[in-house]
Amino acid sequence: MARNLLFLAGLARSGTTALLQVMNAHPEVAVGMERYKRLWSSGVDRLTADLFEADRFFDFSDGLTNQDPQEAARWGVDYAALRAKWADATYVGDKMTTIRFDRLHEMHPDARFVFIVRDIDQVAHSWERRARDAADVGWPERADAQASVERWNLALKRIRRAVRQHPDRAVVVEYARFFGDPEAAGLHAVLDFLGLAHEPSVAAAFETTHREYVDSVAGRERTLSPELRGFVDGLADRRLWRAVTRQAV
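Residues numbered from 1 in each chain as written. Predicted model: local features only at pLDDT ≥ 70, side-chain atom pairs only at ≥ 80, totals over all residues. Heavy atoms only, no water.

S.K.: Any chance you could explain the packing of helix α1 (residues 16-24) against helix α10 (residues 200-217) here in plain terms?
M.R.: In a pair of packed helices, the angle between the axes and the distance between the axes together describe the arrangement. Between α1 and α10, whose axes approach to 7 Å, the crossing angle comes to 155 degrees. Relative to α10, the element α1 lies roughly antiparallel. Seen from α1, the contacting residues are Ala 18, Gln 21 and Val 22; seen from α10, they are Val 202, Ala 205, Phe 206 and Thr 209. When grouped by side-chain class, the residues that make up the contact of α1 with α10 number 5 nonpolar, 2 polar and no charged. (Axes fitted to C-alpha atoms, helices over the stretch in contact; angles between N-to-C directions. Helix = DSSP H or I, 4+ residues; strand = E, 2+ residues; numbered from the N terminus. Parallel < 35°, antiparallel > 145°, perpendicular 65-115°, else oblique. Contact = heavy atoms within 4.5 Å. Nonpolar A, V, L, I, M, F, W, Y, C, P; charged D, E, K, R; others polar.)

Okay, here's the thing in structure tokens:
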């Protein structure tokens, strides 16, 4: 069976992990949990195809991620299950919270990308909450609401360009629309984009995530301070947001 690279990508706190859980429920998809996280910035040129061979991918002695199998399991990613289906998977790849489409597409022109975007108010609130939580040692204090806006704008710019220029290789979904739709229209569109069957296992995983979204996320009040409200409203490129979400499946 021919295997292709698949990257699931979006800004941190935009639903990338939930998207990963749904996609990994497919028997032909095996995507890591930020497996090569420490290559996303200056080391992206090292993200070569050989890193996705099974023996290499599942050897965590390289120090290229903080998401080892034990840590990844906290986020619902079972590396033993991924390895069990790796040889027969149509798609293998990684989940990323940095948008590096241009270079990765140049290196891997046949790779597919599924991007996810989320409204800046929700992203900024989440970044601020985690940055202010002294017990959250996995999130840097500098990554607060103000920092999120510049990163959000840049991510949108890169995603829009990728989807416009390479619609056969890149697709984008919008967090609330994707997980809030009981009919899973966005999921069906993603599966069609990837040429994958609409497997019952994926439908079941989506239903679980959809219920979690409805019960715990949708309608939750997220209030920014007046100062942060003004900062976000002044710098967030909402025109670009509208352009990207019009492209969303």
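Alright, that's what it looks like, and here's the rest.
S.K.: Mind showing me how you'd approach empty space enclosed by the protein here?
M.R.: Picture a little ball the size of a water molecule; that probe, rolled over the atoms, points out where space is still empty. Applying the stated criterion to the full structure yields 1 cavity of 30 Å³ or more. Around the largest cavity, the lining residues are Leu 11, Ser 14, Ile 116, Val 117, Arg 118, Trp 152, Ala 155, Leu 156 and Ile 159. Those elements that place two or more of their residues in the lining of the largest cavity are β4 (112-117) and α7 (145-165). At 4 residues, the largest contribution of residues to the lining of the largest cavity is made by α7. Across the lining of the largest cavity, the residue classes break down as 7 nonpolar, 1 polar and 1 charged. (1 Å grid on protein atoms, 1.4 Å probe; cavity = no way out; pocket = protein on both sides within 12 Å on 5 of 7 lines; lining within 4 Å. Points joined across faces, edges and corners; volume = space filled by probe spheres on them.)

S.K.: What should I look at first to understand the sheet that holds strand β1 (residues 4-9) in this one?
M.R.: The strands making up a sheet are joined through hydrogen bonds of the backbone, oriented either antiparallel or parallel. Across the sheet, which stays open at both edges, the 5 strands sit in the order β2-β3-β1-β4-β5 with parallel pairing between neighbours. The open sheet terminates on both sides in strands that have one partner only, identified here as β2 (29-32) and β5 (170-174). Averaged over neighbouring strand pairs, the angle between their axes works out to 20 degrees when direction is ignored. Judged from the 6 bridges that link them, β1 and strand β3 (residues 91-96) form a sheet pairing that is parallel. Bridge pairing in β3 links Phe 7 to Asp 94. Lying over the sheet, helix α4 (residues 79-86) contacts β2 and β3, oriented at roughly 135 degrees with respect to β2. Packing against the sheet, helix α12 (residues 238-247) makes contact with β4 and β5, and its axis sits at approximately 110 degrees to β5. (Pairing = 2+ DSSP bridges.)

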